[in-house]
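Architecture and fold: a report
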Amino acid sequence: MVGDGFRVHNFFPNGYKLKMSPFFLLDYNSKIQFSARNEPRGVGVHPHRGFETVTIAYHGAVAHHDSAGNSGIIYPGDVQWMTAASGILHKEYHEEAFSKQGGAFQMVQLWVNLPAKDKMSKPKYQAISQAQIAKHQLPDHAGLVAVIAGEYLGTKGSASTFTPIHAYNLRLNKTGKATFNFPADFNTAFVVIEGEIKVNDTEIAKADQMIHFKNEGEQIFVEGIQDSVVLILSGEPINEPITHYGPFLMNKPEEIQQAIADYNQGKFGYLEE
Ligand code: MN
């Protein structure tokens, strides 16, 4: 559990030692039923520095507040792209009405690393609603590609990123087909959120499974075995040293020490519990 509101499985970096830069961490909250509760479950005020947190909602609703004064509610289909960069405090709780009612909850939280030159830039917040996300309709009623970031066949993503990243939610109907092209050096993974797919005519993956691609070849072919939802991530690796400690992701150990000192001195701002 992260706090008491997020029951996550860590696909990386702890779960599997994957080469996934610029993506540093992927916590996957598979679909779970939360009982109704007046006091919203969640995770209280905590800091981040040196990267971005990206929350992608599939079921349930999360309320977010941060020390830069940004707040919002993330509903199914929405994406919150928060750039912690030089430092931020935030808290994430089940949205009040959802908490009172209870129900299905399914989310992804991704940590996207920043290049050294941008780690100490100003925090930024992109609240991207489902309606704002550009959709590319696939031919033959195969489904659609919701382009969160990057580009798919000319359809451009809504999120701005510091390094080249493609992030899509693919909705693929049963027997629907789609093809993706990513540079071979980009690190690429598919997370099956719902349904079942066949990839490159060979590998089958079901809901709650992740496919991690080798850095070989550029084309990926997907077919829906069931009506499916797939989170597709592909990014150019940031080839810089990494030092990770708790909520901080920097290049050098002394920068972690600095982050801890700055946090203890209140330099990340203030946020009410
Ligand atoms: Mn956080």
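Heads up: these notes are all about the structure in this document.

Here we take up the environment of F190. As for its position among the elements, F190 is in strand 17 (residues 187–194). Here F190 falls in the buried class, since its relative accessible area comes to 0%. Spatially, the C-alpha atoms of F190 and P253 are 32 Å apart, while their sequence positions differ by 63 residues. Ignoring sequence-local partners within four residues, the contact set of F190 consists of F180, I197, V199, Q209, M210, I211, F213, I220, V222, V230, L231 and I232.

Attention now moves to the coordination of the manganese ion. H46 (NE2), H48 (NE2) and H90 (NE2) make up the full set of protein donors to the manganese ion, lying at 2.1 to 2.2 Å. One chain supplies every donor for the manganese ion, spaced along it as H-x1-H-x41-H. In this pair, H46 is assigned in strand 3 (residues 42–48) and H90 in strand 8 (residues 88–94), connecting sequence segments 44 residues apart.

This part is about the nonpolar core. L26, W81 and L231 are the most contacted members of the largest nonpolar core, which has 30 residues in total. Considering every element that reaches this core, the biggest residue donor is strand 12 (residues 143–149), with 4 residues. Shared between two domains, this core takes at least three residues from each, and those domains are domain 1 (9–130 + 250–264) and domain 2 (134–235). Apart from the residues within four sequence positions on either side, L26 is in contact with H9, N10, F11, F12, V108, Q109, L110, V191 and L233. Among the nonpolar cores identified, the runner-up in size contains 22 residues, and L172, V199, I220 and I232 belong to it.

Pairing is antiparallel across the open sheet formed by 4 strands, whose spatial order is 3-8-5-6. Two strands close off the open sheet at either side, each with one partner strand: strand 3 and strand 6 (71–74). Put simply, the sheet's adjacent strands are angled 20 degrees from each other on average, direction ignored. As paired elements, strand 3 and strand 8 share 5 bridges and run antiparallel to each other. Within strand 8, the position partnered with H48 by the bridge is I88.

Take the pattern of salt bridges next. Tallied over the full model, the rule gives 7 salt bridges. One salt bridge connects K100 with E96, and the closest N-O pair in it is separated by 3.1 Å. Of the two residues, K100 and E96 both sit in helix 1 (residues 96–101), 4 residues apart, roughly one turn of that helix. Counted as one network, the salt bridges with shared partners bring together R49, D262 and K267.

By the definition in use, this model includes 15 aromatic pairs. Judged by centre distance (4.9 Å) and plane angle (65 degrees), the rings of F190 and F213 are edge-to-face. Placement of the pair is F190 in strand 17 and F213 in the loop between strand 20 (210–212) and strand 21 (219–224), with a sequence separation of 23 residues. Pair check on accessibility: F190 and F213 agree, each one buried. The rings of Y152, Y168, F180, F182, F190 and F213 are connected pair by pair, giving a single aromatic cluster.

The rules behind each value
Residues numbered from 1 in each chain as written. Predicted model: local features only at pLDDT ≥ 70, side-chain atom pairs only at ≥ 80, totals over all residues. Heavy atoms only, no water. Helix = DSSP H or I, 4+ residues; strand = E, 2+ residues; numbered from the N terminus. Buried < 20%, exposed > 50% of the residue type's maximum accessible area, 1.4 Å probe, protein only. Contact = heavy atoms within 4.5 Å. Donors = N, O, S within 2.8 Å, 3.2 Å for Na, K, Ca; no water. Core = buried A, V, L, I, M, F, W, Y, C linked by side-chain atoms within 4.5 Å. Domains from an automatic or database assignment. Pairing = 2+ DSSP bridges. Axes fitted to C-alpha atoms, helices over the stretch in contact; angles between N-to-C directions. Salt bridge = Lys/Arg side-chain N within 4 Å of Asp/Glu carboxyl O. Phe/Tyr/Trp six-rings, centres within 6.5 Å; stacked < 30°, edge-to-face > 60°.

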